[in-house]
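Chain by chain, the residues run as shown.
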Amino acid sequence: IGKEILPDAKYTLEEASFKGLDYIGEESFDSFYCLNKIALSNRCKVIEKNAFHNCDSLRNVDFYGTEDEFRSIQIQNGNNDLLDAKINFITEKML
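Rules and cut-offs
- Each chain carries its own residue numbering, running from 1 in the written order of its sequence.
- For this predicted model, a pLDDT threshold of at least 70 governs which residues receive local features, and a threshold of 80 or more governs which side-chain atom pairs are given and counted, while totals over whole chains, interfaces and linings are taken from all residues.
- Excluded from the side-chain calculations are hydrogens and water; all other atoms, namely the structure's heavy atoms, are used.
- Residue types Ala, Val, Leu, Ile, Met, Phe, Trp, Tyr and Cys, when buried and joined through side-chain atoms within 4.5 Å, form a set referred to as a nonpolar core.
- Only protein chains enter the accessibility calculation, which uses a 1.4 Å probe; a residue whose area is less than 20% of its type maximum is buried, one above 50% is exposed, and one in between is partly exposed.
- Where helices and strands are cited, they refer to DSSP runs of H or I of at least four residues and of E of at least two residues respectively, numbered from the N terminus.
- Contacts: residue pairs with any heavy atoms within 4.5 Å of one another.
- Two strands qualify as a pair provided DSSP detects at least 2 bridges between them.
- For helices, the axis comes from a line fit to the C-alpha atoms of the stretch in contact; other axes are also lines fit to C-alpha atoms, and the angle between any two N-to-C directions lies between 0 and 180 degrees.
- Any Lys or Arg side-chain nitrogen located within 4 Å of an Asp or Glu carboxyl oxygen qualifies as a salt bridge.

Draft legend 1. Structural view of the nonpolar core. In terms of nonpolar packing, the biggest core is built from 23 residues, with F29, L35, I38 and F52 touching the most fellow members. Mapped onto this core, the elements with two or more residues apiece are β1 (15-18), β3 (37-41) and β5 (60-64). Residues in contact with F52, not counting those within four places in the same chain, are F18, I24, F29, L35, I38, I47, L58, G78, N79, D81 and L82.

Listed below in structure tokens is the structure:
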């Protein structure tokens, strides 16, 4: 997913699910003020700079994998809202 993928959804998107993505690009969800929950699979290896910058409502991350797999993701600067969210580790496969 690249930079500013859904500009019209910036003020309305509340949940997003990323099945099978290897990376989330720089500023992809920058200032998505309503985004409060995301789901990531263990295939995600990189979350680039400011991908979730200014996502003040982001409170929950469903991660389909282990804590070690989440820790192995290269999460670049500017993603504090993602890191401050509650991470729920789900061991079943992401549908």
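Draft legend 2. Structural detail: the sheet that holds β5. The sheet built from 4 strands is open, its strands ordered β1-β3-β5-β7 with parallel pairing. This sheet does not close on itself; its edge strands, each paired only once, are β1 and β7 (86-90). Across the sheet, the mean angle separating the axes of adjacent strands is 15° when strand polarity is ignored. For β1 and β3, the ladder comprises 4 bridges, and the chain directions are parallel.

Draft legend 3. Representation of the pattern of salt bridges. Within this structure, the stated rule accounts for 3 salt bridges. Here D22 and R43 are joined by a salt bridge, their closest N and O atoms 3.7 Å apart. Taken together, the residues D22 in the loop between β1 and β2 (23-24) and R43 in the loop between β3 and β4 (46-47) connect sequence positions 21 residues apart. We classify D22 as partly exposed; its relative accessible area is 46%. On the basis of relative accessibility, which here comes to 46%, the residue R43 falls in the partly exposed class.

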